[in-house]
Amino acid sequence: MRRKILLNYILILIISSFLTGYIAYYTIKVNHLQSKEEKYVSNLKLIESSILENKDSTFNFFRMAQVFSDLTSSRVTFISSEGYPVADSDNNSIIFDDMSSSQGIENALKGESKIYNEFSREMGKNYYYYSSLLRINDSNSIIIRIGETIDSTDRLIDNFLLYLMTAILASLLIASILSFITVENLVRPLRKLTMTSKLVAAGDFSQLVDIDSDDEIGELTASFNTMTQELNNYVSSINEVERMRKDFVANISHELRTPLTSILGFVETLRLEYLDYDTKNKSLNIIETESIRLREMINKLLILSKVESMRDEKVLSELDIKKIISEVLDVLSQKIIEKEITVHVKYESMEYSVKSDEGLIKLILINLIENSIKYNFTNGQIWVIVQEDNKSIRIIVKDTGVGIPEDKLDKVFERFYRVDSSRSITNGSGLGLAITKHVVSGLGGTIEVESSQGKGTVFSVIFPKDYS
Ligand code: ADP
């Protein structure tokens, strides 16, 4: 491409400079000759009129040639109509030469006078001449030739083309070097872009191209870099999703296998015939607990897969948060009563309407309040506090339960994570908070946790009032 641009560039330069040069040369030359011719014609008129005034006297052409030459500061020659020189102001030895072969004299005889250039053998120089035929009377006519040696101006003009061509060649050389540099500057970033795009096509997204200009190419490079970064992010997120999917499948298999293994172990124990009542009963209890845990886990997995597929199908409507909270507490009332827990609900203001997905908000609250019952002590307390401003709503679920150790706080939102899986209080799946976090961020919100071990835990969910 560089060669193509360069060649076109130079070709245009050559054509345009030669054309301009030639037109300039031609115009100057024509003008110069024209003004010379005008001068010769007016001098000639002068000579002709003074000859015609004295046409009755005898002519002394030698003397006349001299006088007119002084008068017009040019070479004056009189030539007979047969083409023989009669008198010449500069050289009298030519008078016997035959001049009829001269094109200028021939034209003068035909009455077609014009300026012409001829080499003068007798003077050994080039001359510009103008010759014209003058009829003195019916029987006598004479050719008057007026001329000048080619002077420095004439030579300058004749050589103008040569000087011009030299100048053009020199400027072409400079222009070629400059255009080479320009084209090189233009092409270098494009070459870099091509190289990098090949790397990108081969899957290497780490390469960015330096932006060293703020023109269109700079813009192109910037967009290219953005595109590469986007691609990089996209590919990383696909890899991340793929990694998470693999982890998830591995986790599920592991989590499901643990209770199943324990169930199968105790079933084996029950097969033994000499078992006493206590051992039998204990084995059956464990089988029951583990089966409930399995059911719980499968239920939560179903919810998770439903939530994932609902990602783009939220049903937005105006919500009555008070009604939602009281319905959730109704659903959980059995568990609340069993553990003799006191629930306080507090609305710090309820002026603004909330537009969100009712089903998903309920899911969040059920998970959080259910945990605050599950991980609470008998006779414990729970607060559900709703705070709001005109943009967002914050629902706080606070309990007086066992709490979460500080170093485990980050992990509670991970799938299958349980702070103490051997804790007998719970038959949890480790999926509830993972689902909650997922749903909260699906509604454009965030979830935070604070806890103090042995004293209680606070979960806060903040989401926008209007998620549309
Ligand atoms: P699980 O089904 O085990 O309850 P979650 O995802 O709901 O799963 O919670 C993960 C872990 O976080 C729980 O196992 C528990 O250890 C801890 N946790 C959640 N909520 C509370 C809470 N209110 N108080 C104390 N610990 C909690």
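Residues numbered from 1 in each chain as written. Predicted model: local features only at pLDDT ≥ 70, side-chain atom pairs only at ≥ 80, totals over all residues. Heavy atoms only, no water.

1. Examining the overall build of the chain
Per the secondary structure count, the chain includes 10 helices and 12 strands. Taking 468 residues into account, the globule formula puts the C-alpha radius of gyration at 23 Å, and the chain, at 56 Å, lies well above it. Each of the three principal axes of the chain carries a C-alpha extent, and together these read 170 × 55 × 35 Å. Within the chain, the proportion of its 468 residues that are buried is 37%. Pairs at least 24 residues apart make up 63% of the contacts formed inside the chain by residues separated by at least 6 positions. (Helix = DSSP H or I, 4+ residues; strand = E, 2+ residues; numbered from the N terminus. Rg over C-alpha atoms; globule rule 2.2 N^0.38 Å. Buried < 20%, exposed > 50% of the residue type's maximum accessible area, 1.4 Å probe, protein only. Contact = heavy atoms within 4.5 Å.)

2. Some details on the side chain of aspartate 357
By the secondary structure assignment, aspartate 357 is in strand β8 (residues 354–357). The class of aspartate 357 is buried, set by a relative accessible area of 5%. A distance of 3.1 Å separates a polar side-chain atom of aspartate 357 from the backbone nitrogen of leucine 360. (Polar contact = N/O pair within 3.5 Å; in protein donor to acceptor, adjacent residues only side chain to side chain.)

3. Observations concerning the nonpolar core
Within the largest apolar cluster, 47 residues are counted, with the highest numbers of intra-cluster contacts made by Leu365, Leu368, Ile369, Val439 and Phe459. Broken down by element, the residue count for this core peaks at eight residues, all from helix α9 (residues 358–374). Viewed by domain, this core spans two of them, domain 2 (205–309) and domain 3 (312–464), each represented by three or more residues. With 20 residues, the next largest nonpolar core counts Phe78, Leu134, Ile136 and Ile142 among its residues. (Core = buried A, V, L, I, M, F, W, Y, C linked by side-chain atoms within 4.5 Å. Domains from an automatic or database assignment.)

4. Details of a negative patch on the surface
A contiguous patch of negative charge on the surface is contributed by Asp214, Asp215, Glu216 and Glu219. Looking at the element boundaries, glutamate 216 is found in helix α5 (residues 216–271). (Patch = residues over 30% accessible without salt bridge, like charges linked within 9 Å, V, L, I, M, F, W, Y side chains within 5 Å. Areas by Shrake-Rupley, 256 points an atom, 1.4 Å probe, with all protein chains shown as cover. Salt bridge = Lys/Arg side-chain N within 4 Å of Asp/Glu carboxyl O. Lys, Arg positive; Asp, Glu negative; His and termini not counted. Charge placed at Lys NZ, Arg CZ, Asp CG, Glu CD.)

5. Overview of the pattern of salt bridges
A full pass over the atoms with the stated rule returns 15 salt bridges. Lysine 39 is the partner of glutamate 148 in a salt bridge, and the nearest nitrogen-oxygen pair spans 2.8 Å. With a gap of 109 residues between them, glutamate 148 in strand β5 (residues 141–149) and lysine 39 in helix α1 (residues 2–53) connect regions that are remote in the sequence. Residue classification places glutamate 148 among the buried residues on the basis of a relative accessible area of 17%. Residue glutamate 184 pairs with arginine 191 through a salt bridge whose shortest N-O separation is 3.3 Å.

6. Focus on the packing of helix α4 (residues 152–201) against α5
Orientation of α4 relative to α5, taken along the N-to-C sense of each, is 15 degrees, at an axis distance of 11 Å. Between α4 and α5, the angle falls in the class roughly parallel. When the axes of α4 and α5 are compared, the crossing they make is left-handed. Contact residues: Leu186, Pro189, Leu190, Leu193, Thr196, Ser197 and Val200 in α4; Ile217, Leu220, Thr221, Phe224, Thr228 and Leu231 in α5. (Axes fitted to C-alpha atoms, helices over the stretch in contact; angles between N-to-C directions. Parallel < 35°, antiparallel > 145°, perpendicular 65-115°, else oblique. Left-handed = near helix turned anticlockwise from the far one by under 90°.)

7. Quick look at the domain arrangement of the chain
For the chain, the assigned domains are domain 1 (2–161), domain 2 (205–309) and domain 3 (312–464). For domain 2 and domain 3, the distance between their C-alpha centres works out to 22 Å. The partner domain 3 presents 16 residues to the 15 residues of domain 2 that form the contact. Here domain 2 and domain 3 share zero salt bridges between them. Connecting domain 2 to domain 3 are zero residue pairs in polar contact (both at pLDDT 80 or more). At the level of secondary structure, the elements contributing two or more residues to the side of domain 2 that touches domain 3 comprise α5 and α6 (277–309). The element contributing the most residues to the side of domain 2 that touches domain 3 is α6, with 11 residues. Each residue belonging to the side of domain 2 that touches domain 3 can be placed in one class, and the counts come to eight nonpolar, two polar and five charged. (Nonpolar A, V, L, I, M, F, W, Y, C, P; charged D, E, K, R; others polar.)

8. A word on the site of the ligand
Around the ligand, a shell composed of 20 residues is seen, among which Asn371, Tyr375, Asp399, Ser429 and Leu433 lie nearest. Valine 419 has a polar backbone atom sitting 3.2 Å from an oxygen atom of the ligand. Here an oxygen atom of the ligand sits 3.2 Å away from a polar atom, N or O, in the main chain of glycine 432. Elements represented by at least two residues in the shell around the ligand include exactly α9, α10 (432–442) and β12 (456–464). Take the shell around the ligand: its biggest share by element is three residues, from α9. (Near = heavy atom within 4 Å.)

9. Focus on unusual backbone geometry
Despite not being glycine, serine 73 has its phi angle at roughly 45 degrees, a positive value. Positionally, serine 73 belongs in the loop between α2 (61–72) and β1 (75–80). Of note, phenylalanine 416 is a non-glycine position whose phi angle comes to about 65 degrees, a positive value. Following the sequence through the fold, phenylalanine 416 ends up in the loop between β10 (392–399) and α10. A residue is classified by how much of its surface remains accessible, and phenylalanine 416, at 8% relative accessible area, is buried.

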